[in-house]
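If you want the building blocks of each chain, they are given just below.
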Amino acid sequence: AIVALSGARFVGIVPAFGERPVRPMPEAAVREIARSGIAGNVLNSYRMGGFLMFRLYPEERVVMDGRNDVYGLFRDRVYNPVLRTDPGWRAHFEELVETHSVDWVLLDVGTPLIERLRNEPGWVERRTTDVGTVLLVRASAGSTLD
């Protein structure tokens, strides 16, 4: 009834129910964090927020958890500029690390912040078997880093 009343049938809109490409969730990275004893919070990709909350329960140590409506100004003024490394990103990032006790970063491959942190002293990349994600741990996090 909604489609009929919307006029969609007149413009040829046909819903497609094919499979959407799926990016796997970072299970190996979560296991690495648990094994290493990292206790701080994670600056994570938006898409991973709910998964990380589920896997890390009861700590729920994510900076961004997928509730887009809750994070409007924070997302636009801090989170996205930091991930994109817009001008002024470093001050926002340092504030995030301090305010939210961020000890690890789990982001999708290709996120500009990953390349910047790879060159920052104090951040160590941890190899995992996850495809499409990068895990960086703050060296001062007190873990059993290899």
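Look up a bit, the structure's there.
A brief look at the structure comes next. (Residues numbered from 1 in each chain as written. Predicted model: local features only at pLDDT ≥ 70, side-chain atom pairs only at ≥ 80, totals over all residues. Heavy atoms only, no water.)

A few words on the overall build of the chain. Secondary structure assignment for the chain yields seven helices and four strands. Counting from the amino terminus, helix and strand elements in the chain follow one another as α-α-α-β-α-α-α-β-α-β-β. For the chain, the proportion of its 146 residues judged to be buried stands at 40%. By element, 55% of the accessible surface of the chain is carried by carbon and sulfur atoms, the whole surface being about 9,000 Å². (Helix = DSSP H or I, 4+ residues; strand = E, 2+ residues; numbered from the N terminus. Buried < 20%, exposed > 50% of the residue type's maximum accessible area, 1.4 Å probe, protein only. Areas by Shrake-Rupley, 256 points an atom, 1.4 Å probe, with all protein chains shown as cover.)

The terminal C-alpha atoms of helix 5 (residues 72–84) lie 17 Å apart, and with 13 residues this matches the ideal 18 Å at 1.5 Å per residue to within 8%. At Val78, helix 5 shows its strongest bend, of approximately 30 degrees, with the proline Pro81 following within four residues. What helix 5 keeps buried is the set Arg75, Val78, Tyr79, Pro81, Val82 and Leu83. Summarising the contacts, the buried residues of helix 5 are in contact with strand 1 (41–44), helix 6 (89–100), strand 2 (102–108) and helix 7 (112–118). Phi turns positive, to about 55 degrees, at Thr85, one or two residues after helix 5. (Expected span 1.5 Å × (residues − 1). Bend = angle between axes of the 7 residues up to and from the residue. Contact = heavy atoms within 4.5 Å.)

What helix 4 (residues 49–56) keeps buried is the set Gly49, Phe51, Leu52 and Leu56. Taken around the axis of helix 4, the buried residues stretch over an arc of 160 degrees, which confines them to a single face. (Arc of directions from axis to C-beta.)

What follows is about the environment of His92. In this fold, His92 is placed in helix 6. By relative accessible area, which is 28% here, His92 ends up partly exposed. Sequence-wise, His92 and Val78 are 14 residues apart; in three dimensions their C-alpha atoms are separated by 6.1 Å. Look past the residues within four positions of His92 in its chain and what remains in contact with it is Arg77, Val78 and Val82.

Right, let's get into the packing of aromatic side chains. A complete count under the given rule lists two aromatic pairs for this structure. Between the aromatic rings of Trp89 and Phe93, the centroid separation amounts to 6.0 Å while the plane-to-plane angle is 50 degrees, which identifies the pairing as tilted. Of this pair, Trp89 and Phe93 both sit in helix 6, separated by four residues, roughly a single helical turn. Note on accessibility: Trp89 and Phe93 belong to one class, buried. On the basis of an interplanar angle of 55 degrees and a centroid distance of 5.7 Å, the ring pair of Phe93 and Trp123 is categorised as tilted. Pair noted here: Phe93 is in helix 6 and Trp123 is in strand 3 (residues 123–126), with a separation of 30 residues, a long-range link. You'll find Phe93 and Trp123 in the same group, each marked buried. By way of ring pairs, the aromatic residues Trp89, Phe93 and Trp123 are connected into one cluster. (Phe/Tyr/Trp six-rings, centres within 6.5 Å; stacked < 30°, edge-to-face > 60°.)

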